Amino acid sequence: MTPELTPEILIPGENGLAQLERIWRRGAPAILSPAARPAVETAAARVAEAAQGDAAVYGVNTGFGKLASLKIAPKDTAKLQENLILSHCCGVGEPIPTNTTRLMMVLKLLSLGRGASGVRWELIELMQDMLVRGVTPVVPAQGSVGASGDLAPLAHMTAVLIGHGQAEVQGRVLPGAEALAAVGLTPIPLGPKEGLAFINGTQFSTAFALAGLFGAWNAARSSLVISALSTDAIMGSTAPLQPEIHALRGHAGQIEAAATMRALLDGSVIRESHRTGDARVQDPYCIRCQPQVTGAAMDVLRQAARTLRIEANAATDNPLVLAGVGRIVSGGNFHAEPVGFAADMIALAVSEIGAIAQRRVALMVDPTLSFDLPPFLTPEPGLNSGLMIAEVTTAALMSENKHLANPCVTDSTPTSANQEDHVSMAAHGARRLGRMVENLNRILGVELLCAAQGVEFRAPLVTSAPLQRVLARLRQDVATLGQDRYLAPDLERAGRMVGEGTIAAACGLALPEVTQ
């Protein structure tokens, strides 16, 4: 966390994805709008009242899950919540990234801020202070099946609030109580229902799905830029980009992708050089159908974005305090099925953007298809192998992503003595997206290297002004390939430039946004 960043103000029920992406990318702290406090305190008072009553209220004065029929005495309700957190800290595996943990905490604030969870405002303030002062719980990556909420990872998050677990602060990993004390904070014992409110919910799955969405959308934008450069590298036609073609089909993403590529290629001398006298009638699909494929992926990503925006603002614990009717009611908002579907959709889009990009790489290195480019884009083929094995690497990454894109949400299994007999598997469905986006960025990075090399072989003809800016930015970090050299650092740098949004920004044009 960067201390000088001003906290983002969260409006429960109304937060947009742009703000959440800023928080995730920049590490900005976040606090709830004070306007959320009255509803939060009203719900907390209703829970406190129920805890002293004789009626059994799930999670307030009863056991949990299969043990819900067991009544808990009022004097034991606080211990009940502490036991819940400690017993549910069963996560395994590597700690999740700090920025994703912080996003998960922000999403939990948004959920609690709806005023339907029954937690005290002082607990919300403690988590806000943790975000502001840079106390990040250590949360293992594995252990959630996406219902009844992301129990294990959220328990590890919550444990720090009560002085247990582990947290990173000031570059060190400390026991929870010590981490809080290092920045002047004190643990707060949980009251009735509060532990359940913190661990019932989809915030782990949603945080990873949002991180995947943000990365996937950046890759989609970058792919439009890089594929336009590839089109010029093989002297492809821009006729398939004519707006009338795409208007006749009507898909928004396709129309927008074609318009973006037209703008990127406008003014290309390379393109103008072969408008007449070109014996080729049609380009291969990986060139001709770019708007149809990438545009469709953009539509899918936007549909996932709509789902995740709703989920980011949702109250997803159980039971919920329905202040309007004065009741505390058990439901199932913790079930992460919408997030699971969104994660699977993102995975499909990522896989397909990479699949068509890989075919463009294969096209450019193949002298029988690349329209007079040298084999494997090297000036001295035979003595040099050029980008031959870089293309093989993209094939490996593409195939890996195809396997990872298989749906997770269809893979349910019963848990908790069959009480929780259908689960979403949204957690690992969302978590795989980071690996897939990283693979995609590297595929696009290799395509960028091939396209740049190809365009440079067309000299003295030049590409358009926006794409010249992209080429110039690439060459600041990666030199033109002449004689064979150790290529791994080049691939890594190019993939990183894609992932960081450097290539998309370099073109200087306004590119599509995930929210229209």
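Residues numbered from 1 in each chain as written. Predicted model: local features only at pLDDT ≥ 70, side-chain atom pairs only at ≥ 80, totals over all residues. Heavy atoms only, no water.

A. Focus on the overall build of the chain. Check the secondary structure of the chain and you find 20 helices and nine strands. Against the 2.2 N^0.38 benchmark of 24 Å for 516 residues, the chain shows a C-alpha radius of gyration of 26 Å, consistent with a compact globule. The principal-axis extents of the C-alpha atoms in the chain amount to approximately 90 × 50 × 40 Å. Per-residue burial over the chain gives 56% buried out of 516 residues. Across the chain, contacts joining residues at least 24 apart in sequence account for 79% of those joining residues at least 6 apart. (Helix = DSSP H or I, 4+ residues; strand = E, 2+ residues; numbered from the N terminus. Rg over C-alpha atoms; globule rule 2.2 N^0.38 Å. Buried < 20%, exposed > 50% of the residue type's maximum accessible area, 1.4 Å probe, protein only. Contact = heavy atoms within 4.5 Å.)

B. Representation of the environment of S416. On the secondary structure map, S416 appears in the loop between α16 (388-404) and α17 (426-457). On a C-alpha basis, the gap between S416 and F341 in space is 23 Å, while along the polypeptide they are 75 residues apart. For S416, the side chain forms a polar contact with the side chain of E420, separated by 3.0 Å. (Polar contact = N/O pair within 3.5 Å; in protein donor to acceptor, adjacent residues only side chain to side chain.)

C. View of the nonpolar core. Formed by 148 residues in total, the largest nonpolar core has its most connected members in L20, M130, V135, L210, L213 and I346. The leading source of residues in this core is helix α9 (residues 203-233), at 18 residues. For L20, the residues in contact, after removing those within four places along its chain, are L103, V106, L107, L110, L210, F214 and A312. V47, A50, V321 and I328 belong to the second-largest nonpolar core, a separate cluster that totals eight residues. (Core = buried A, V, L, I, M, F, W, Y, C linked by side-chain atoms within 4.5 Å.)

D. Summary view of helix α18 (residues 465-477). For α18, with 13 residues, the first-to-last C-alpha span of 19 Å sits near the 18 Å given by 1.5 Å per residue. Taken together, the buried positions of α18 are occupied by P466, L467, V470, L471 and L474. Summarising the axial view, the buried residues of α18 lie within an arc of 140°, below the 170-degree limit, and thus occupy one face. In this structure, the buried side of α18 is in contact with α9, α11 (252-265), α17, α19 (488-499) and α20 (502-506). (Expected span 1.5 Å × (residues − 1). Arc of directions from axis to C-beta.)

E. The arrangement of the pairing of strand β6 (residues 166-169) in detail. Burial along β6 is one-sided: the residues A167 and V169 are buried and none of Q166 and E168 is. When strand β4 (residues 136-137) meets β6, the two strands line up antiparallel, connected through two bridges. Within the sheet, the bridge partner assigned to T136 lies in β6 and is E168. Bridging between β6 and strand β7 (residues 172-175) involves four bridges; their strand directions are antiparallel. Residue pairing across strands places V169 opposite R172, the latter belonging to β7. (Pairing = 2+ DSSP bridges.)

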